[in-house]
Amino acid sequence: MSGPLRLALVEDDPLQRRIVSEYLAQHGLRPQSFASGEEFKRAHAQTLPDLALFDVHLNEVEDGFALARWARSRSSRIGIIMLTAAGDTVDRVVGLESGADDYVTKPFEPRELLARIKALLRRSSEAPPPPPRLTEMRVGVALLNLERRILIMPDGREDQLSASEFDLLQLFVRHPNRPLTREWLLETAAHREAEVFDRAIDNRIMRLRRKIEADPSKPEAIRSVRGVGYIFVPPTD
């Protein structure tokens, strides 16, 4: 990793935040600390840090899991370690499913946290570089141009996507063959154009199906998953 490490700590307990920050600073790591997820989001709206430590149980509307999903949806490279007082297995699983790389249960030895950070940084430095970023992807019968934010139809016609339609379709192509819940889609693809009621995602998917499916009444690209939400299935040919 070139340049100084950019490390962030989101912890709403002032004492815990100071203890962790001071210990890491003694070992050459100087985290930028935040008392809330909203502070972190405002500071990193454009560029995320290299590694972030998120307390799970934040005293605000969004918890650490939601913050991890927000960060992961914006970067596949950021390292994420969850901090929590809960030793429950479900919490551990939810944390990892939210995009976290590791999980440390409180109370923890500061040396353990430091070791986890170093191990994650080591894995990141040894990881192969990401493949060249695709600018076009097949979605149903259409071609999605990620740079121009348009759909290219089979007849060559270009369909300009709204911001909310593009955000949602981009989420699907980044998570192919994985069932995605309505709640996660609504939260992650939230946009000023989004409708403010429970069926917002369903309505947007209905509009997308009309554009990308050969037969919108029998969708093959964006399929429904009963009791969960939707799954994007890329074309195989």
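Residues numbered from 1 in each chain as written. Predicted model: local features only at pLDDT ≥ 70, side-chain atom pairs only at ≥ 80, totals over all residues. Heavy atoms only, no water.

The subject of this paragraph is helix 8 (residues 200-212). In this model helix 8 runs 19 Å from its N-terminal to its C-terminal C-alpha over 13 residues, within 8% of the 18 Å that 1.5 Å per residue would give. Of the positions making up helix 8, those classed as buried are Ala200, Ile201, Asp202, Arg204, Ile205, Leu208, Arg209, Lys211 and Ile212. (Helix = DSSP H or I, 4+ residues; strand = E, 2+ residues; numbered from the N terminus. Expected span 1.5 Å × (residues − 1). Buried < 20%, exposed > 50% of the residue type's maximum accessible area, 1.4 Å probe, protein only.)

Here we take up the environment of Ala71. Along the polypeptide, Ala71 turns up in helix 3 (residues 64-74). Residues Ala71 and His44, spaced 27 residues apart in sequence, show a C-alpha to C-alpha distance of 9.3 Å. Look past the residues within four positions of Ala71 in its chain and what remains in contact with it is Leu48, Phe54, Ile78 and Ile80. (Contact = heavy atoms within 4.5 Å.)

Glancing now at the sheet that holds strand 7 (residues 142-145). Pairing in this open sheet of 4 strands is antiparallel, and the strands run 6-7-8-9 from one edge to the other. In this open sheet, the two edge strands, each paired with only one partner strand, are strand 6 (136-139) and strand 9 (158-160). Between one strand and the next, the sheet's axes are offset by a mean angle of 30°, whatever the strand orientation. Examined bridge by bridge, strand 7 and strand 8 (residues 150-152) share 3 bridges and lie antiparallel to one another. What sits directly across from Leu144, in strand 8, is Leu151. Contacts from helix 6 (residues 163-174) reach strand 6, strand 7 and strand 8, with the element oriented near 100° to strand 7. (Pairing = 2+ DSSP bridges. Axes fitted to C-alpha atoms, helices over the stretch in contact; angles between N-to-C directions.)

Counting residues in hydrophobic clusters, the biggest one holds 24 residues, and the most contacted among them are Val139, Leu144, Leu151, Leu169, Phe172, Leu185 and Ile222. When contributions to this core are tallied by element, the ones reaching two or more residues are strand 7, helix 6, helix 7 (182-188), helix 8 and strand 12 (229-232). Once you skip the residues sitting within four places of it in the chain, Phe172 turns out to touch Leu180, Leu185, Ile205, Ile222, Tyr230 and Phe232. (Core = buried A, V, L, I, M, F, W, Y, C linked by side-chain atoms within 4.5 Å.)

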